[in-house]
Amino acid sequence: MAASKIKQILYTPVTCKTLCLSFSSFTSDQNSTKTLISTAVSILRQQRSKSRWSHLQSLFPEGFTAAEASQIALEIKNNPHLALSFFLWCHRKSLCNHTLLSYSTIIHILARARLKSQALGLIREAIRVFDDSDECSAQPPRIFESLVKTYNSCGSAPFVFDLLIKASLNSKRIEQSISIVKMLRSQGISPTISTCNALIWQVSRGRGCLAGYEIYRELFGSWDDEFNEKAMVRLCPNAHTFNALMVCFYRDGGVEKVEEIWAEMGRWDCDPNAYSYSVLMAAFCDEGRMREVEKLWEEMQIKKIEHDIVAYNTIIGGFCRIGEIERGEELFREMELNGIQSTSVTYEHLLKGYCEIGDDDSAVILYKDMCRKGFSAEERTVDLMITLLCNNRRVREALKLLRVAMGNVEFAPRGKSYETLIKGFCEEGKMEEALKLQSEMVGKGFKPNFEIYSAFIDGYMKQGNKEIAETLRKEMFETQMLQEEN
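Residues numbered from 1 in each chain as written. Predicted model: local features only at pLDDT ≥ 70, side-chain atom pairs only at ≥ 80, totals over all residues. Heavy atoms only, no water.

### Regarding the overall build of the chain
Let me state the cut-off plainly: Helix and strand labels come from DSSP, where a helix needs a run of H or I of at least four residues and a strand needs a run of E of at least two; each type is numbered from the N terminus. Every residue pair with non-hydrogen atoms within 4.5 Å of one another is taken to be in contact. Throughout, the Shrake-Rupley method with a 1.4 Å probe supplies accessible areas, and for residues the shown protein chains are the sole cover considered.
Counting secondary structure elements, the chain contains 26 helices and 0 strands. Within the chain, counting contacts between residues at least 6 apart in sequence, those at least 24 apart form 65% of the total. For the chain, the exposed surface amounts to about 25,000 Å²; the carbon and sulfur share of it is 49%.

Laid out in structure tokens, this is it:
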């Protein structure tokens with residue numbers, strides 16, 4: 001449908017209570033159709049739920065046309081749950097071959113009543129049933145035109161188009177979503193800010209940060225753009241808009257662009273929230289700019305923006321990354337005193353910090369506390385812990401730590417953990433333990449590498465078992481040659 005017709009349809013006053021399309025083919029049987037509709041409405045309104053359906057089916061065994069079903073639903077639109085039950089009952093009993101008209105009518109009724117999930121479900125179903133275009137098509141789904149045509153007759157609200165856009169986004173139809181937004185906004189109809197933010201987020205995830213930023217500029221323009229009221233509705237971005245952009249650029253490594261978005265937020269007079277600060281702090285932490293992070297932290301306090309767990313995890317991770325573990329510990333204690341519950345991420349940051357500075361005692365104590373609270377460490381963190389313990393000749397403790405981690409069904413030990421433990425046992429001359437681990441490692445799909453062969457060779461040489469050492473050396477070279485040939 002041409003965009004120029006949308007506004008005309010949506011803002012044309014309703015002059016009759018019934019759908020125009022419903023009566024376009026009426027001639028001599030108009031009165032009988034009115035009787036059918038009024039009878040069905042009366043049964044739906046007055047009879048109990050258990051009897052109404054059987055009574056309807058006995059009176060109308062041949063069912064209803066889509067136009068009749070639409071009109072019946074409109075007559076009971078003030079009871080949207082009943083209208084939905086009628087629509088679904090007709091479909092389930094094959095008493096109505098629902099068309100775009102009947103789908104549009106019930107969707108309008110549900111949207112008008114703010115029954116979001118039910119309306120979304122039917123919009124998705126209508127797209128699936130009536131559209132054969134692929135996900136990359138920019139042509140709006142057919143249900144869009146039908147929703148526009150039935151908008152006034154159903155006494156609907158613009159919220160219905162927000163649901164349509166979100167349904168298209170959920171179906172990965174990004175081009176269609178963009179087209180619908182453009183057509184609506186060109187006629188002075190603006191989606192809600194949450195819908196615009198969802199569009200920016202999906203485009204950013206699917207096509208990259210720059211594409212998301214382009215959509216943002218198209219939706220909101222620039223803070224200093226001249227505003228033409230006749231051409232476009234002026235919509236102002238909020239903190240969630242800028243957060244979506246900053247997160248995308250941050251994940252893509254664009255720290256400078258994150259700072260630019262932050263500055264633009266200020267030019268829009270948009271107040272950042274706690275998450276906004278966390279994203280900017282994370283970007284600074286990655287570059288070791290902790291003094292700037294502390295300034296942001298203090299700014300949050302001045303503005304009375306509560307430091308939440310995301311903010312604490314961000315700044316704790318930043319200090320641990322640069323070796324300032326004491327400052328991380330201080331913030332960890334402050335967090336707990338403020339009643340904020342730590343997460344596995346909090347412990348991960350601190351554990352990596354202790355491993356970085358070689359503090360094995362503190363790392364073990366913290367790891368035990370982490371397990372006591374029901375958290376599990378990531379595979380990479382377990383690798384770091386095992387390396388730290390083995391370097392301090394605490395190999396058996398390192399093995400115990402691995403066994404505790406493997407108690408979590410989601411944990412998958414890495415080859416690096418086995419390699420470090422095998423080397424540790426070989427250095428201590430405990431070859432039987434090393435062989436058991438090597439067998440377990442192979443059973444999990446990891447092949448012995450040069451480091452593991454060397455550890456076994458050195459271990460057997462220290463024991464004076466030159467024969468086994470020489471056999472392993474030959475096997476190692478043969479394996480190397482085979483790998484090079486492949």
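That shown, we press on.
### Details of the nonpolar core
Which entries qualify depends on this criterion: Put simply, buried Ala, Val, Leu, Ile, Met, Phe, Trp, Tyr and Cys residues joined by side-chain atoms within 4.5 Å make one nonpolar core. Relative accessibility under 20% of the residue-type maximum defines a buried residue, over 50% an exposed one, and the middle range a partly exposed one, all with a 1.4 Å probe and only protein chains included.
Counting residues in each nonpolar core, the largest one holds 153 residues, and the members touching the most others are Leu56, Phe64 and Phe86. Discounting chain neighbours no more than four positions away, the residues touching leucine 56 are Ala40, Ile43, Leu44, Phe64, Phe86 and Trp89.

### Points about the packing of helix α20 (residues 360–372) against helix α21 (residues 379–391)
Here is the rule: Angles run from 0 to 180 degrees between N-to-C directions of axes, and those axes are lines fitted to C-alpha atoms, restricted for helices to the stretch in contact. Throughout, the term roughly parallel applies to angles under 35 degrees, roughly antiparallel to angles over 145, roughly perpendicular to angles from 65 to 115, and oblique to all others. Helix crossings fall into two classes, left-handed where the near helix is turned counterclockwise from the far one by less than a right angle and right-handed where it is turned clockwise. Just so you know the grouping, Ala, Val, Leu, Ile, Met, Phe, Trp, Tyr, Cys and Pro go in nonpolar, Asp, Glu, Lys and Arg go in charged, and all remaining residues, Gly too, go in polar.
Packing of α20 against α21 leaves a shortest axis separation of 10 Å and a crossing angle of 135°. Viewed along their axes, α20 and α21 adopt a mutual orientation that is oblique. Once α20 is placed against α21, the crossing between them reads as left-handed. Side by side, α20 and α21 meet where Asp360, Ala363, Val364 and Tyr367 of the first sit next to Met385, Leu388 and Leu389 of the second. Split into classes, the residues belonging to the contact of α20 with α21 amount to 6 nonpolar, no polar and 1 charged.

### What to know about the pattern of salt bridges
Cut-off, in case you're wondering: Criterion for a salt bridge: a side-chain nitrogen of Lys or Arg within 4 Å of a carboxyl oxygen of Asp or Glu.
Considering all chains together, one arrives at 23 salt bridges under this definition. One salt bridge in this structure joins glutamate 451 and lysine 423, with 3.4 Å as the shortest N-O distance. With glutamate 451 in helix α25 (residues 450–462) and lysine 423 in helix α23 (residues 415–427), this residue pair connects regions lying 28 residues apart in the sequence. Within this structure, Glu259, Glu287, Arg289 and Glu292 form a network of salt bridges that share partners.

### Looking at the packing of aromatic side chains
Note the following rule: Two rings from Phe, Tyr or Trp (for Trp, the six-membered ring) form a pair when their centres sit within 6.5 Å of each other. Planes less than 30 degrees apart are called stacked, planes more than 60 degrees apart edge-to-face, and all others tilted. Two conditions define a charge sitting above a ring: the NZ of Lys or the CZ of Arg must be within 6 Å of the ring centre, and it must be within 35 degrees of the ring normal.
Counted according to the given criterion, the structure contains 18 aromatic pairs. Between tryptophan 262 and tyrosine 277, the aromatic rings sit 5.0 Å apart at their centres with planes inclined by 70°, giving edge-to-face as the arrangement. Residue tryptophan 262 is found in helix α14 (residues 255–267), and its partner tyrosine 277 is found in helix α15 (residues 274–286); the two are separated by 15 residues along the sequence. Across the pair, exposure class does not vary: tryptophan 262 and tyrosine 277 are buried alike. For the ring pair phenylalanine 332 and tyrosine 347, a centre distance of 5.8 Å and an interplane angle of 70° mean the geometry is edge-to-face. Placement of phenylalanine 332 in helix α18 (residues 325–337) and of tyrosine 347 in helix α19 (residues 344–357) is noted, with a sequence separation of 15 residues between them. By relative accessible area, which is 10% here, phenylalanine 332 ends up buried. Three or more aromatic residues joined by ring pairs make a cluster, and in this case those are Trp53, Phe60, Phe64, Phe86 and Trp89. Looking at arginine 114, its charged tip hangs above the ring of phenylalanine 159, at a distance of 4.0 Å from the centre.

### Let's talk about the side chain of aspartate 383
For clarity, the threshold we go by: Residues adjacent in sequence count toward polar contacts only when both atoms are side-chain atoms; beyond that, a polar contact is any pair of N or O atoms within 3.5 Å, and within protein one must be able to donate a hydrogen and the other to accept it.
Among the secondary structure elements, aspartate 383 is positioned in helix α21. A polar contact is formed between the side chain of aspartate 383 and the side chain of arginine 414, at a distance of 2.7 Å. Those residues within four positions of aspartate 383 in sequence are excluded, and the remaining contacts are Arg414, Lys416 and Ser417.

### Side note on the confidence of the model for the chain
Applied cut-off: Each residue carries a pLDDT value, the predictor's own confidence for that position, ranging from 0 to 100.
This prediction gives the chain a mean pLDDT of 88; 90% of its residues lie at or above 70. Per-element confidence in the chain is highest for helix α16 (residues 290–302), whose mean pLDDT is 97, and lowest for helix α1 (residues 4–10), whose mean pLDDT is 56. Counting contacts from residues 14–26, a segment whose pLDDT is below 50, to residues more than four positions away or on other chains yields 18 contacts.

### Concerning the environment of cysteine 355
Residue placement: cysteine 355 occurs in helix α19. Judged by its relative accessible area of 14%, cysteine 355 falls in the buried class. Distance in space between the C-alpha atoms of cysteine 355 and leucine 389 is 9.3 Å, their sequence separation being 34 residues.

### Some points on the packing of helix α2 (residues 30–46) against helix α3 (residues 49–59)
Across the interface, α2 lies against α3 with an axial gap of 9 Å and an inter-helix angle of 160°. By the angle between their directions, the pair α2 and α3 is classed as roughly antiparallel. Crossing angle aside, the handedness with which α2 passes α3 is right-handed. Every residue of α3 that contacts α2 at Thr39, Ala40, Ile43 and Leu44 is listed here: Arg52, Trp53, His55, Leu56 and Leu59. When grouped by side-chain class, the residues that make up the contact of α2 with α3 number 6 nonpolar, 2 polar and 1 charged.

### A look at the environment of alanine 126
Mapped onto the fold, alanine 126 is located in helix α7 (residues 116–130). A relative accessible area of 1% means that alanine 126 is categorised as buried. Taking the C-alpha atoms as reference points, alanine 126 and leucine 100, separated by 26 residues in sequence, lie 7.4 Å from one another.

### Thoughts on the environment of tyrosine 216
Looking at the secondary structure, you find tyrosine 216 in helix α12 (residues 209–220). In the structure, tyrosine 216 is positioned 21 residues away from proline 237 in sequence and 8.7 Å away in space, judged by C-alpha atoms. Beyond its immediate stretch of four places on either side in the chain, tyrosine 216 contacts Ile200, Gly221, Pro237, Thr241, Phe242, Leu245, Glu264 and Trp268.

### Some remarks on unusual backbone geometry
With phi around 60°, arginine 114 is a residue other than glycine that occupies positive phi space. In this structure, arginine 114 sits in the loop between α6 (100–112) and α7. Take arginine 114: its relative accessible area is 51%, and that puts it in the exposed class. One non-glycine residue, lysine 304, adopts positive backbone phi at about 60°. Relative to the helices and strands, lysine 304 resides in the loop between α16 and α17 (309–321).

### With respect to the side chain of serine 156
Mapped onto the elements of the fold, serine 156 is located in the loop between α8 (142–149) and α9 (159–170). Taking relative accessible area as the criterion, serine 156 reaches 13% and is therefore assigned buried. At 2.7 Å, the side chain of serine 156 forms a polar contact with the side chain of histidine 108. Other than its neighbours up to four places away in sequence, serine 156 contacts His108 and Tyr151.

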